[in-house]
Amino acid sequence: MAPAYKQYHRQGPVGQPPPRVSRRRRFPSNFTHISGWVKYSMFFCNFIVWLFGALLVGVGVYAALDKWHSGEGFKLENVFDVLFNLAFLIIILGGVVFIVSFAGCIGALRENMCLLRFYSFFLLLFFFLELGVAALGFIFPHKVLYFMEGSMSDELIKNYRDDLDFQNLIDLVQSEFECCGISSEGFRDWSKNEYFNCTKDPNDNPSVERCGVPYSCCLSGTNSVNDGLVNIMCGFGVQEMLKTDVISKIYTQGCLQRIQAMAEQNLHLVAGVAVGIALVQLFVIYLARTLEGQIENQRALWR
């Protein structure tokens, strides 16, 4: 006859049912909380941005070395000197993009929480900085415009000849937007530049460009000669002419006013682009935070 076995149960207090024994939930051996779609979307997006950052750094370094070999000096006395030196500006921007996207790329691939937190922190920082700049523009439009037409405009005009790349950029803006100068003074801004300064006494400014403006200010039909050659003298002496004669030779409106008017005319397009960029940033931040939460859940499963 088979031996009888007693079954022992954990008894609770008298009159109460026995306590439940908690059991750990079991998952399949190949179960993971980490979504492959989230992980590899993060990786490929940041890999593309990382390549773009590396390209910017390479272009900036090449431009800086080219200027160095051509004998151009680097003046880095204040913030404006860095902003108006395109080679250094591209290197800085490319370096920031390279480092942040590299953290997101490797952090997603290796599921590294430290890199992912670094990546999401800087994305949030950039997003709030953009929001802050936009808020300042809407809340204090007159102060922002005053700064752009004051200190910024003066520095842009004064540094026109100091950097060839920066000079080409200003010429491109003036020719593409059909404007001349920066502030509301229009083409008169160029009198703040030592080469174009229209002094009362010609002996005070011996430059051949005295009282003139850059050739990029000239109207499309007056800035070229035969065989497609650029007429760099088309803006000479226009600051001494009558306004009626000036408008037949050069653009007279400042670039800030011109760009502002174009933005107001295409307000829906500008707003759409701004909202689209913000949504892309928020989506990437969401992916980063989601992946961080999934990694935390996976770690808790292993404990």
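Residues numbered from 1 in each chain as written. Predicted model: local features only at pLDDT ≥ 70, side-chain atom pairs only at ≥ 80, totals over all residues. Heavy atoms only, no water.

## A closer look at the overall build of the chain
Tallying secondary structure elements over the chain gives nine helices and zero strands in all. Taken from N to C terminus, the helices and strands of the chain fall in the order α-α-α-α-α-α-α-α-α. Per-residue burial for the chain yields a buried fraction of 29% across its 303 residues. Restricting to contacts in the chain with at least 6 residues of sequence separation, those with at least 24 account for 67%. Put simply, the chain shows about 20,300 Å² of open surface, and 64% of that area lies on carbon and sulfur atoms. (Helix = DSSP H or I, 4+ residues; strand = E, 2+ residues; numbered from the N terminus. Buried < 20%, exposed > 50% of the residue type's maximum accessible area, 1.4 Å probe, protein only. Contact = heavy atoms within 4.5 Å. Areas by Shrake-Rupley, 256 points an atom, 1.4 Å probe, with all protein chains shown as cover.)

## Here we look at the pattern of salt bridges
For the coordinates displayed, the defined rule picks out eight salt bridges. Salt-bridge contacts for E240 lead to R210; the nearest nitrogen and oxygen are separated by 3.5 Å. Of the two residues, E240 is situated in the loop between α6 (164–177) and α7 (243–246) and R210 in the loop between α6 and α7; the sequence distance between them amounts to 30 residues. For E240, a relative accessible area of 54% puts it in the exposed group. Given a relative accessible area of 15%, R210 falls into the buried group. The salt bridge partner of E292 is R289, with a shortest N-O separation of 2.9 Å. Of this pair, E292 and R289 both sit in helix α9 (residues 267–302), three residues apart, which is roughly one turn of that helix. A single network of salt bridges, built from pairs that share partners, joins D154, D189 and K192. (Salt bridge = Lys/Arg side-chain N within 4 Å of Asp/Glu carboxyl O.)

## With respect to the nonpolar core
If you look at the biggest cluster of nonpolar residues, it comprises 21 residues, and the most contacted ones within it are L156, C180, F187, W190, V213, C217 and I250. At the level of secondary structure, the elements contributing two or more residues to this core comprise α5 (141–158) and α6. Among the elements that make up this core, the one with the highest residue count is α5 (three residues). Ignoring sequence-local partners within four residues, the contact set of C217 consists of Q174, C179, C180, G181, W190, I250 and Y251. Counting 17 residues, the second largest nonpolar core, distinct from the first, contains V38, V100, F127 and L291. (Core = buried A, V, L, I, M, F, W, Y, C linked by side-chain atoms within 4.5 Å.)

## Remarks on the state of the cysteines
With the rule as written, the count across this model stands at four disulfides. Across the disulfide, C179 is cross-linked to C255 (sulfur-sulfur distance 2.0 Å). With the S-S dihedral at roughly 85°, the linkage between C179 and C255 falls on the right-handed side. Taken together, the residues C179 in the loop between α6 and α7 and C255 in helix α8 (residues 255–265) connect sequence positions 76 residues apart. On the accessibility criterion, C179 (0% relative accessible area) is buried. (Disulfide = S-S within 2.5 Å.)

## Structural notes on the packing of helix α1 (residues 36–69) against helix α3 (residues 86–110)
Contact pair α1 / α3: the axes reach a minimum separation of 7 Å and the direction vectors enclose 155°. In terms of orientation, α1 lies roughly antiparallel with respect to α3. Regarding α1 and α3, the two cross each other, and that crossing is left-handed. Residue composition of the contact of α1 with α3, grouped by class: 21 nonpolar, seven polar and one charged. (Axes fitted to C-alpha atoms, helices over the stretch in contact; angles between N-to-C directions. Parallel < 35°, antiparallel > 145°, perpendicular 65-115°, else oblique. Left-handed = near helix turned anticlockwise from the far one by under 90°. Nonpolar A, V, L, I, M, F, W, Y, C, P; charged D, E, K, R; others polar.)

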